[in-house]
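The residues making up each chain are set out below.
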Amino acid sequence: MLKLTRPDAFFWEQYSTLWANSPNPSPFQAPQLLRFFDGHPEVDTIAVQYFVDGELMAAALFKKRKKQVQFLSDLKTDHNFFVIDRRCTPEQTRDFFRQFLEKLKKEKWALLLNNQPMWAPYMGLFLEELQESSLFGEHLPYSVCPIVEADSPEDLFERINGSREFRYRVNRLKKQQDAVFEALTQDEDLERWIDQFCDAHIRRWDGTPTPSAFLDPSRKDRFSGCLHAWQAQGILVRFSVRIGDQRVGFVVGLRQGNTLVHHNTTFDPDFKKFSPGIALIHFMGEWMKEQQMHILDFGDGNETYKYSIANKEHELSRIFISDPSNLRFILKTKMIKSVRNNSKLFDFYRDKIKPLTPRIWS
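Conventions used here
- Residues numbered from 1 in each chain as written.
- Predicted model: local features only at pLDDT ≥ 70, side-chain atom pairs only at ≥ 80, totals over all residues.
- Heavy atoms only, no water.
- Patch = residues over 30% accessible without salt bridge, like charges linked within 9 Å, V, L, I, M, F, W, Y side chains within 5 Å.
- Areas by Shrake-Rupley, 256 points an atom, 1.4 Å probe, with all protein chains shown as cover.
- Salt bridge = Lys/Arg side-chain N within 4 Å of Asp/Glu carboxyl O.
- Lys, Arg positive; Asp, Glu negative; His and termini not counted.
- Charge placed at Lys NZ, Arg CZ, Asp CG, Glu CD.
- Helix = DSSP H or I, 4+ residues; strand = E, 2+ residues; numbered from the N terminus.
- Phe/Tyr/Trp six-rings, centres within 6.5 Å; stacked < 30°, edge-to-face > 60°.
- Buried < 20%, exposed > 50% of the residue type's maximum accessible area, 1.4 Å probe, protein only.
- Lys NZ or Arg CZ within 6 Å of the ring centre and 35° of its normal.
- Contact = heavy atoms within 4.5 Å.
- Polar contact = N/O pair within 3.5 Å; in protein donor to acceptor, adjacent residues only side chain to side chain.

> Please give an account of a negative patch on the surface that cites residues and values.
A cluster of acidic residues, Asp 151, Glu 154, Asp 155 and Glu 158, forms a negative patch at the surface. Here Glu 154 is to be found in helix α5 (residues 153–161).

As structure tokens, this is what we get:
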């Protein structure tokens, strides 16, 4: 049985159990994070819930604006997963998606699924059900997640440590600046760490075509709220390089089973020549070895530094779904597809138009 409701206390209790029972609980679908987003007065949240014998076996949370819906986790994410219990059979998973798409058609919603992980084990079933439905559906490549995956934590560290450049950056910071590397898993010095991260980010992007979003106090508040939510969930790891009392390099890391997600990073531009971000990756490899983790997920984006050690690349897609009668949505989708397939147009949109587009919840 599938139902749509506003999240309440009972839902969050059930959802927390479901998330913990999913094959690889995503930090971007973590209950504490989504409850934080749901608490914002301007966000209209819809919980899609699928029950088998009275037990919640699959769910997704969406934010709704008029008749368009998209993942609630779009507010801060690298990849958006449907949350499905590991015990869910392929037939039940299909039934969940079939009923969801039928409800979508009945409600006349236009659905935009950003940052869809094409490696998710359920994705083939979802796309098959979409194809068999009477809905309009378009699937576009969007981005990539470079990955460093090894057979063991020791092998992972060996791969990272094999980079002479990474070792050089660590040693230079230690010898010339007496730097200390931190991996903070509790809430110690959290507020100051957030302030230092945002200040460094603002200075890092000052004078560029894309100034820091943290110039807007509301964006800093959201960032702080996300970190507090992940901390409460027990999955946040704050990596930093500290010189005296000053932190000069930062990475927001998120635990996901045997994977560490390299989510947000910045550095103090006064220390650019020391490449603190590169040095931190080496330190993260050491920490992951101690924690018995063997996959480093660099998150959304194909920045060059990731490929110095990445050995895999996961595809992220955008999926557009609506009733065939929603011509405005379909036309917009076709235009996006045309821009995406034209490299010059896409570069112009990405570099000139997108930075001027009003941000959600900004």
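> Quick one: what's the story with the packing of aromatic side chains, residue by residue and with numbers?
According to the stated counting rule, one finds 32 aromatic pairs in the structure shown. Ring geometry for Phe 82 against Phe 126: centres 5.5 Å apart, planes inclined by 40°, an arrangement best described as tilted. Residue Phe 82 is found in the loop between β4 (68–71) and β5 (83–84), and its partner Phe 126 is found in helix α4 (residues 123–132); the two are separated by 44 residues along the sequence. As far as burial versus exposure is concerned, Phe 82 and Phe 126 are alike and both buried. For the ring pair Phe 97 and Tyr 122, a centre distance of 5.7 Å and an interplane angle of 50° mean the geometry is tilted. Highlighted residues: Phe 97 in helix α3 (residues 90–107) and Tyr 122 in the loop between β6 (110–117) and α4, separated in sequence by 25 residues. Of the two residues examined, Phe 97 and Tyr 122, each falls in the buried class. Among the aromatic residues, ring-to-ring pairing joins Tyr 50, Phe 62, Phe 71, Phe 82, Phe 96, Phe 97, Phe 100, Tyr 122 and Phe 126 into one connected group. Over the ring of Phe 274 we find Arg 172; its NZ or CZ atom is 4.7 Å from the centre of that ring. Here Arg 204 stacks its cationic end above the ring of Trp 205, 4.0 Å away from the centre of that ring.

> Give me the lowdown on the environment of Asn 114, citing residues and values where you can.
Tracing the backbone shows Asn 114 in strand β6. Ignoring sequence-local partners within four residues, the contact set of Asn 114 consists of Gln 70, Asp 74, Asn 80, Ser 317 and Arg 318. A polar atom in the side chain of Asn 114 sits 3.1 Å from the side chain of Asp 74. A polar contact is formed between the side chain of Asn 114 and the side chain of Arg 318, at a distance of 2.7 Å.

Read these as layout, nothing more, since geometry by itself doesn't imply function.
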